[in-house]
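Chain and residue survey
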Amino acid sequence: METADAASPLASRLSRSWVVIVGMGFVLAALLALPGRTATTKYVNDLFVFLDGAHRIVRGQVPNVDFHSSLGPLTFYIPAAGYGLSGNLGGAMPSGMAIVVLLLAAIAAEVVSGRMHKAFGLPLALFLLLIVAAPANPGERIGELTFAMFYNRIGWASLGFLLVMYLPRLPAAGSSKAVDAACASFLVLLMLYTKMTYGVVGLGFLLFMLFDRRQIGWVRLALGMIAFSVIAIEIVWRGGFNYLADLGLSAKNSGGVLTLTALGHLVRNNLADLLVYLTVVLIVLNLTASYRHLLFVAFCGTTGILLIGQNFQTVGILTLGASAAIITESLFRAKPLSRFRKARFALPLLVGFLLLPATVGNAASFAIHAYYAAGARGKAIPLPAFSEIRLVEMWSAGQYEYFEEYNRTLVDASTILSQLMSGDERVAVLDFVNPFSAGLGLTPPAGDSVWYHWGRTLGPYDHLAAEEMFADVDLILDPKWPIEIWTGNGLRDLYAHYIARHYALVRETADWRIYRRKAS
């Protein structure tokens, strides 16, 4: 009877934590989606990649079947869902991310409230949800607004919530193998089909958890659910092998092995976080010697460094804060710390050092985006379908002027296309991205890629065959001032002979050369 009475207040507190986490997700999602507009300060060309993919999906194309991409299909289905929800491409990314935030909040409410006391669980949940919600590349300055590389933010947050499942459920939370397995499988599948590297780490974590006898039941069930889901998705999608081939092409061009020099730069840039994390680990292991804890923190630290090493990101190993909060929760749950006064106060402060800066920075960037998007501030992107995307001038020197000049070239090209196009002709661009199919509402070509990046997705020896890339292209736009100069020059050099044989120059301006396919 005493046990039941003691469990009742704890169950009540768990219920309140569940409501608070869901409430946080709802507020963040609403502030993202309701303006129906995107504000951005940098990486505008990256944003166009996702909008081109969303436009292709709306036009009936399937990722890795009708177009190439080394990113997972959800990278394009998420903005496509946002496009359907908001009704315009300006609202596609915020609304798509709002859907993701709500789904992750529901998972977090179950996973975090069932395994962590609110003193550690609620700050961790807010930290991870803001990573997803804030339109900002991790590690960059407050106010540098962008939805570029949003797949990394989904990966960091999903992995963080998955790591929480290292902890057994609290006694008052009950036990549900099916719910735990469903949560874990959802998180891993979200990572696998957004960006493969995070999914591989997620699978590695589940394999590690097979050695925890207390939780092996839901882990086995989760692995079975993932295997079944992958097979079912492939039956419907039929693009899995193409996805792996596109990943292979990207790996050939970008390498993938973290060099000692790059590792040294990462350690130097994240030295403060790494030292604080190491301090937390040493305190916890000193108070409760555990090989499982040692392997867990080694897994989190190592995979975090490997993940950031293959991102366009130099600061913010986001597995560190999550795993520090998790092992501290484990210690506080296992041992009464009244005898360890210094540790009792030091550990929360150290965990706060890892969580608080990113939480505050992401909250500030999120609020700035909400302010600019709600007020339609900034200058509209000058393509009809992109009118609800606003280029905002912040304090990043040169960024605004750089993309203003890019926008000017888009106006020039759209004017020429309106004069040249007759009927339903398809357009390709020898640059990082093609903004015109989505921006002008044109039928996209099939067989090409949504994203070209010299040294990452293509190179002098490994690239798409011209016969495949241009098979469905009527007009080629060759920019004299490409948004990514190495990519523009590389594409021009790779495909010059094919273009000369099959296309004729029909217009040239100060910014563009436009080629039309010759009559067969």
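Just above sits the structure.
Let me begin by describing the structure that accompanies this report. (Residues numbered from 1 in each chain as written. Predicted model: local features only at pLDDT ≥ 70, side-chain atom pairs only at ≥ 80, totals over all residues. Heavy atoms only, no water.)

Before going further, it helps to examine a nonpolar patch on the surface. On the surface, Phe26, Val27, Leu31 and Leu102 cluster together into a nonpolar patch covering about 380 Å² of accessible area. Turning to its location among the elements, Leu31 is positioned in helix 1 (residues 2-33). (Patch = residues over 30% accessible without salt bridge, like charges linked within 9 Å, V, L, I, M, F, W, Y side chains within 5 Å. Areas by Shrake-Rupley, 256 points an atom, 1.4 Å probe, with all protein chains shown as cover. Salt bridge = Lys/Arg side-chain N within 4 Å of Asp/Glu carboxyl O. Helix = DSSP H or I, 4+ residues; strand = E, 2+ residues; numbered from the N terminus.)

To summarise the sheet geometry, strands pair through backbone hydrogen bonds and adopt either a parallel or an antiparallel arrangement. Taking strand neighbours across the sheet as the criterion, the three strands line up as 1-3-2 in an open arrangement whose pairing is mixed. Each end of this open sheet is capped by a strand with a single partner; those strands are strand 1 (38-40) and strand 2 (379-380). Taken together, the two bridges between strand 2 and strand 3 (residues 389-391) define a ladder with antiparallel strand orientation. Within strand 3, the position partnered with Lys379 by the bridge is Leu391. Contacts between helix 16 (residues 399-420) and the sheet are confined to strand 2 and strand 3, with strand 3 contributing the most and set at about 130° to the helix. (Pairing = 2+ DSSP bridges. Contact = heavy atoms within 4.5 Å. Axes fitted to C-alpha atoms, helices over the stretch in contact; angles between N-to-C directions.)

Counting across every chain of the model gives five cavities of 30 Å³ or more. The volume enclosed by the largest cavity comes to roughly 150 Å³. Lining the largest cavity are 15 residues, with His68, Leu249, Ser449, Trp451 and Thr457 sitting closest to its centre. Looking at the lining of the largest cavity, the element that brings in the most residues is helix 10 (residues 240-254), giving three residues. Taken together, the residues of the lining of the largest cavity sort by class into seven nonpolar, seven polar and one charged. Here the second largest cavity defines a volume of roughly 70 Å³. Considering the residues around the second largest cavity, the lining is formed by Asp52, Arg56, Ala428, Val429, Asp431, Val433, Asn434, Asp448, Ser449, Val450, Tyr452 and Met469. Of all the elements in the fold, those that place two or more residues in the lining of the second largest cavity are helix 2 (44-58) and strand 4 (427-429). (1 Å grid on protein atoms, 1.4 Å probe; cavity = no way out; pocket = protein on both sides within 12 Å on 5 of 7 lines; lining within 4 Å. Points joined across faces, edges and corners; volume = space filled by probe spheres on them. Nonpolar A, V, L, I, M, F, W, Y, C, P; charged D, E, K, R; others polar.)

Glancing now at the pairing of strand 6 (residues 503-508). Here strand 6 runs beside strand 7 (residues 512-517); their pairing, made up of five bridges, is antiparallel. Pairing of Leu505 across the sheet is with Tyr515, part of strand 7. Taken together, strand 6 and the strand that follows it, strand 7, pair antiparallel across an intervening segment of three residues.

Turning to the side chain of Asn434, a few remarks are in order. Topologically, Asn434 is positioned in the loop between strand 4 and helix 17 (436-439). Residue Asn434 is classed as buried on the basis of its relative accessible area of 8%. Within the structure, the side chain of Asn434 is placed 2.9 Å from the backbone nitrogen of Phe436, a separation counted as a polar contact. Separated by 3.2 Å, the side chains of Asn434 and Ser437 make a polar contact. The residues touching Asn434, leaving out its near neighbours within four places in the chain, are Asp52, Val427, Ala428 and Val429. (Buried < 20%, exposed > 50% of the residue type's maximum accessible area, 1.4 Å probe, protein only. Polar contact = N/O pair within 3.5 Å; in protein donor to acceptor, adjacent residues only side chain to side chain.)

What follows covers the nonpolar core. Leu124, Phe205, Leu206 and Phe296 are the most contacted members of the largest nonpolar core, which has 143 residues in total. Looking at this core element by element, the count peaks at 13 residues for helix 4 (residues 92-113). Counting 17 residues, the second largest nonpolar core, distinct from the first, contains Leu430, Val473, Tyr495 and Ile499. (Core = buried A, V, L, I, M, F, W, Y, C linked by side-chain atoms within 4.5 Å.)

The next point concerns the sheet that holds strand 6. In spatial order, the strands read 4-5-7-6; together these four strands make up an open sheet with mixed pairing. Of all the strands in the sheet, just strand 4 and strand 6 have a single pairing partner and so form its edges. Adjacent strand axes in the sheet meet at a mean angle of 25°, parallel and antiparallel pairs treated alike. Packed onto the sheet, helix 16 meets strand 4, strand 5 (475-479), strand 6 and strand 7 and runs at close to 30° relative to strand 7.

Quick look at the pattern of salt bridges now. Evaluation of the coordinates by the stated rule reveals 22 salt bridges. For the salt bridge of Arg115 with Asp180, the shortest nitrogen-to-oxygen distance reads 3.1 Å. Here Arg115 is found in the loop between helix 4 and helix 5 (118-133), whereas its partner Asp180 is found in helix 7 (residues 177-192), with 65 residues between them in sequence. Its relative accessible area of 3% is what places Asp180 among the buried residues. Where Arg492 meets Asp478, a salt bridge forms, and the shortest distance between an N and an O atom there is 3.0 Å. Taken as a pair, Arg492 in helix 19 (residues 485-502) and Asp478 in strand 5 lie far apart in primary sequence, 14 residues in all. Using a relative accessible area of 23% as the deciding quantity, one classes Arg492 as partly exposed.

What follows deals with helix 14 (residues 319-334). Compared with the 22 Å implied by 1.5 Å per residue over 16 residues, the 22 Å span of helix 14 between its first and last C-alpha is a close match. For helix 14, the tally of buried residues reaches 13 of 16 residues, placing the bulk of the element in the interior. (Expected span 1.5 Å × (residues − 1).)

Two elements in contact, helix 3 (residues 74-86) and helix 6 (residues 150-164), have axes whose closest approach is 10 Å; the angle formed by their N-to-C orientations is 100°. Taken as axis vectors, helix 3 and helix 6 run roughly perpendicular relative to one another. Of the residues in helix 6, those in contact with Thr75, Ile78 and Pro79 of helix 3 are Phe150, Tyr151 and Ile154. Of the residues assigned to the contact of helix 3 with helix 6, the class counts are five nonpolar, one polar and no charged. (Parallel < 35°, antiparallel > 145°, perpendicular 65-115°, else oblique.)

Moving on, we get to the pairing of strand 5. Extensive coverage of strand 5 is indicated by the burial of five of its five residues. What you see with strand 5 is no split at all: Leu475, Leu477 and Pro479 on one side and Ile476 and Asp478 on the other are buried throughout. Looking at chain direction, strand 4 and strand 5 are connected through three bridges and run parallel. Bridge pairing in strand 5 links Val427 to Leu475.

It is worth spelling out unusual backbone geometry at this point. Most peptide bonds are trans, and most residues other than glycine sit at a negative phi. Residue Asn64 is not a glycine yet carries a positive backbone phi of 65°. With respect to the helices and strands, Asn64 occurs in the loop between helix 2 and helix 3. Non-glycine residue Arg238 carries a positive phi angle of around 60°. Structurally, Arg238 can be placed in the loop between helix 9 (216-237) and helix 10. The class for Arg238 is exposed, based on a relative accessible area of 62%.

Honestly, that's just the spatial picture; any functional story needs more than this.
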